[in-house]
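The chain contents come next:
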Amino acid sequence: MKTSQIIIQAEKIVRTFHDGTREQSVLKGIDLTVERGEFLAIVGRSGAGKSTFLYQLGLLDTPTSGRLVLDGKETSHLNETEKSQFRLFELGYVFQDYALLPELTALENVAVPLIMQGHAIKDAYKKSAVALGRVGLGQRLDHIPAKLSGGEQQRVSIARAVAHDPKIIFADEPTANLDSETSEAVMDVFLDLHREGQTIVMVTHEDEYASLADRVITLSDGTVKSSTHKKS
Amino acid sequence: MFLSLRTGFFLAVRQIKRSGKGTTALIIFIMVLTFLNLVVVSGLLVGLITGSFKQFREGYSGEVLITPEAGRDYIENSPALISFLENHPKVENIAPRYGMNVQVLGTLIDLPAKNERPNRIGTRLVGIDLEREEAVTGFSRFVTYGENLKEGEEGYILIGANILKKYSSFADANIPGLDLLEDVEVGDRVRASFTRAEGDIVSKDFIVKGILKSKVDEVSTRMFVTDRELKKLLAVNQEQFQAISVRTDYAYAPTLVRETKEFMNGYEARIQTTDEAIPSFLRDIETTFGILGNALSSIALVVASITVFIVIFINAVTKRKFIGIMKGIGISPSAIQFSYVFQAIFYGAIGSVIGLLLTFGVLKPYFDANPIDFPFSDGILVATIEGALIRIAILLTVTLIAGYVPAKLIIRKNTLDSILGR
């Protein structure tokens, strides 16, 4: 495997939480590499550490120990502002409960990170409209989240994650709150993005959707229990 | 920083636009009340005293008041001074007055009973030129009962209401040393006694022609006859006035004082602008009321800042998860903070603008036209644009802090904890 093809390189990632005098290790030294353009699914039982691992990879949390290189950048030395900038420009996130700002329309929700990046508002709107069009919401630009269905809100969330062409998209249980029909529609969006070459790391507890990924790793008790590549 | 400001503004505008109309209206209403409290409460308190200054100027002193120098009986060089003032292009009118201290006996029919004090008080008898006095002070408006004096008539007197027991505001106060005339009405006869310069004691009876009501003590605690009659009583051969009120442009008054002093060139008289003539204790009261008003306003300011703090805090707490997510997707904490600060400033600014319009478009014109009837003055609303702008700046600063602090408290929470609601 060529180094340049590796976009995520995690070595011995440990995450320990302290609860008073009690210490709980949620991640116990996980090693992982993800190739550019790969669609990786992380599965496991509740409490296995899936989401915690995703937060470490997505720079939303800081590992207790271990080394993480994203797109060739060593992240352990980044301060909060640098991490925030990295997340803004290089990463995209899709959360379980959509996480849209209730007062902003679909278009505005997608545009906010672009505006923060420095795009002119008009330009941000244009890019956002394109992103929303890609997820099939070209006709719902001016709707606030309350006027959208769960599936539509999740697609807005995906549009927000992809609008700035991130290097990696992290998705935390993106179908958990959706019915099966809507979940499939959302997964179709992920598959479309993957076909376009987007690197995606998705946590899910649904094997059916995990099986759509190139590779599935199973976490158990803070360690990688198995890693399965899709049969081609 | 610019990107944070721009993003914060973008978020704030949309949050304000789409937040509950009722809540927004309530916050703005509170900000309006705060602004009014800041400007109107202190403005009215100061206005009580300023109103009395205004009445003193309009009802007695004019813009420049000339009185005898301390220890002197009259204004020196009065005839030449009158001529100087009459010919001065900036002087609109003058009201020269004679005056002397008199003892007034109120009841001429009944003699006092044994151990009973005579119905007598000491006061000042003032001789006025009716036409000129009217031009400077609008004297006739003070005649509340009976009639004004007429030019050429003698033996008639006007009495200030505050020396008559029946009309005085202090009659029921039982103030030691405050003597009031009893049973004196329009048409009654009173006797004024005084001592001439040569030592002769002179008495003259007058018929009360009218009673004067005014919140200016120089009117309401004195008695008035025509200048011709008083001049006769004083037995002076030339014009030796005890007061000259000069009506001129208010802004020109200091210059006129300087010019008049130059003209007097050694002749003694106290020449003051109306502001200088106001007793210093009244100035002290004005300052005290100003401090009191500011103290009350400060309480309003604290209440407003707490209100904004709570509103922003609740807003930020309920959106903690969204704040976490915004931070998570790379929106800078300062951009999120700015969005709350902009919202707070919006509430403060809109409240101030409405308050400004209410103050200068409604309240000030109203109180100017309908002063508050206080016993010692007609209270007006003292509010200047400069003063209001300073208060707006204070209000905006306070709301800015009240918006910044809660947002900061919420935003500094761990991003992941906020996202997960931990």
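In this report, we go over the structure that sits alongside the text. What you are looking at is a predicted structure, and each value in this text was computed from that prediction instead of being measured. (Residues numbered from 1 in each chain as written. Chains lettered and ligands numbered in written order. Predicted model: local features only at pLDDT ≥ 70, side-chain atom pairs only at ≥ 80, totals over all residues. Heavy atoms only, no water.)

### Comments concerning the overall build of chain A
- The number of helices and strands found in chain A is seven helices and ten strands.
- Against the globule reference of 17 Å for 232 residues, chain A gives a C-alpha radius of gyration of 17 Å, in line with a compact fold.
- Taken along its principal axes, the extent of the C-alpha atoms in chain A is 50 × 45 × 40 Å.
- Residues counted as buried form 53% of the 232 residues belonging to chain A.
- Taking all contacts inside chain A whose residues are at least 6 apart in sequence as the whole, residues at least 24 apart take part in 70%.
- For chain A, the accessible area works out to roughly 10,300 Å², and carbon and sulfur atoms hold 46% of it.
- Positive and negative side-chain charges in chain A, numbering 26 and 32 respectively, have mean positions lying 3 Å apart. (Helix = DSSP H or I, 4+ residues; strand = E, 2+ residues; numbered from the N terminus. Rg over C-alpha atoms; globule rule 2.2 N^0.38 Å. Buried < 20%, exposed > 50% of the residue type's maximum accessible area, 1.4 Å probe, protein only. Contact = heavy atoms within 4.5 Å. Areas by Shrake-Rupley, 256 points an atom, 1.4 Å probe, with all protein chains shown as cover. Lys, Arg positive; Asp, Glu negative; His and termini not counted. Charge placed at Lys NZ, Arg CZ, Asp CG, Glu CD.)

### Side note on the side chain of Thr359(B)
Residue and element names in this part refer to chain B.
- Within the secondary structure layout, Thr359 lies in helix 11 (residues 333-369).
- Taking the relative accessible area as the measure of exposure, Thr359 reaches 0% and is therefore buried.
- In this structure, Thr359 is in contact with Phe35, Leu36, Val39, Val40, Lys364, Pro365, Leu381 and Ala383, ignoring residues within four places of it in sequence.

### Section: a negative patch on the surface
All names here are of chain A.
- Residues Asp179, Glu181, Glu184, Asp188 and Glu208 make up a contiguous surface patch of negative charge.
- Examining the composition of the negative patch, we find that three residues originate from one element, helix 6 (residues 180-195), more than from any other.
- Along the chain, the position of Glu181 falls in helix 6. (Patch = residues over 30% accessible without salt bridge, like charges linked within 9 Å, V, L, I, M, F, W, Y side chains within 5 Å. Salt bridge = Lys/Arg side-chain N within 4 Å of Asp/Glu carboxyl O.)

### Notes on the sheet that holds strand 8 (residues 199-203) of chain A
All names here are of chain A.
- With mixed pairing, six strands are arranged side by side in an open sheet as 6-7-8-3-9-10. Of all strands in the sheet, those with a lone pairing partner are strand 6 (91-94) and strand 10 (223-229), marking the two edges. Across the sheet, the mean angle separating the axes of adjacent strands is 20° when strand polarity is ignored.
- In the sheet, strand 7 (residues 168-172) pairs with strand 8 via five bridges, with the strands oriented parallel. For Asp172, the partnering residue across the bridge sits in strand 8 and is Val203.
- Strands strand 6 and strand 7 of the sheet are contacted by helix 2 (residues 80-90), whose axis makes an angle of about 80° with strand 6. (Pairing = 2+ DSSP bridges. Axes fitted to C-alpha atoms, helices over the stretch in contact; angles between N-to-C directions.)

### Focus on the interface of chain A and chain B
- The interface is formed by 30 residues belonging to chain A together with 25 residues belonging to chain B.
- Summing both partners gives a buried area of about 2,500 Å² for chain A against chain B, and 68% of it is carried by carbon and sulfur.
- On the chain A side of the interface with chain B, the three residues burying the most area are Leu101(A), Glu103(A) and Met116(A), jointly 26% of the side's total.
- For the pair chain A and chain B, the number of links is three salt bridges.
- Of the charged contacts, one joins Arg14(B) and Glu108(A) as a salt bridge, the two residues approaching to 3.1 Å between their closest N and O atoms.
- Where chain A packs against chain B, one counts nine residue pairs in polar contact (both at pLDDT 80 or more).
- Elements with a contribution of two residues or more to the side of chain A that touches chain B: helix 2, helix 3 (106-117) and helix 4 (121-134) of chain A.
- Considering every element that reaches the side of chain A that touches chain B, the biggest residue donor is helix 3 of chain A, with six residues. (Buried area = accessible area lost by both parts, 1.4 Å probe. Polar contact = N/O pair within 3.5 Å; in protein donor to acceptor, adjacent residues only side chain to side chain.)

### Thoughts on the sheet that holds strand 4 (residues 65-70) of chain A
All names here are of chain A.
- Spatially, 2-1-4-5 is the arrangement adopted by the four strands of the open sheet, whose pairing is antiparallel. In the strand order of this sheet, the two ends are held by strand 2 (22-35) and strand 5 (73-74), each with one partner.
- By the bridge criterion, two bridges tie strand 4 to strand 5 in an arrangement that is antiparallel. Each residue of the ladder has a partner; that of Leu70, found in strand 5, is Lys73.

### Quick notes on unusual backbone geometry
All names here are of chain A.
- Positive phi, close to 60°, is recorded for Leu59, a residue that is not glycine.
- Its place among the elements puts Leu59 in the loop between helix 1 (50-57) and strand 4.
- Judged by its relative accessible area of 3%, Leu59 falls in the buried class.
- Of note in the backbone geometry, Ala99 takes a positive phi value of approximately 55° without being a glycine.

### Points about the pattern of salt bridges
- What the rule picks out here adds up to 31 salt bridges over all chains.
- Between Lys209(B) and Glu153(B) there is a salt bridge, and its shortest N-O distance comes to 2.7 Å. Taken together, the positions of Lys209(B) in strand 7 (residues 201-212) and Glu153(B) in the loop between strand 4 (143-146) and strand 5 (156-160) put the pair 56 residues apart, joining distant regions of the chain. You'll find Lys209(B) and Glu153(B) in the same group, each marked buried.
- Across the pair Lys232(B) and Glu154(B) runs a salt bridge, and its minimum N-O distance is 2.5 Å. Here Lys232(B) is found in helix 6 (residues 227-234), whereas its partner Glu154(B) is found in the loop between strand 4 and strand 5, with 78 residues between them in sequence.
- Through salt bridges with shared partners, a single ionic network connects Arg36(A), Asp71(A), Glu90(A) and Lys167(A).

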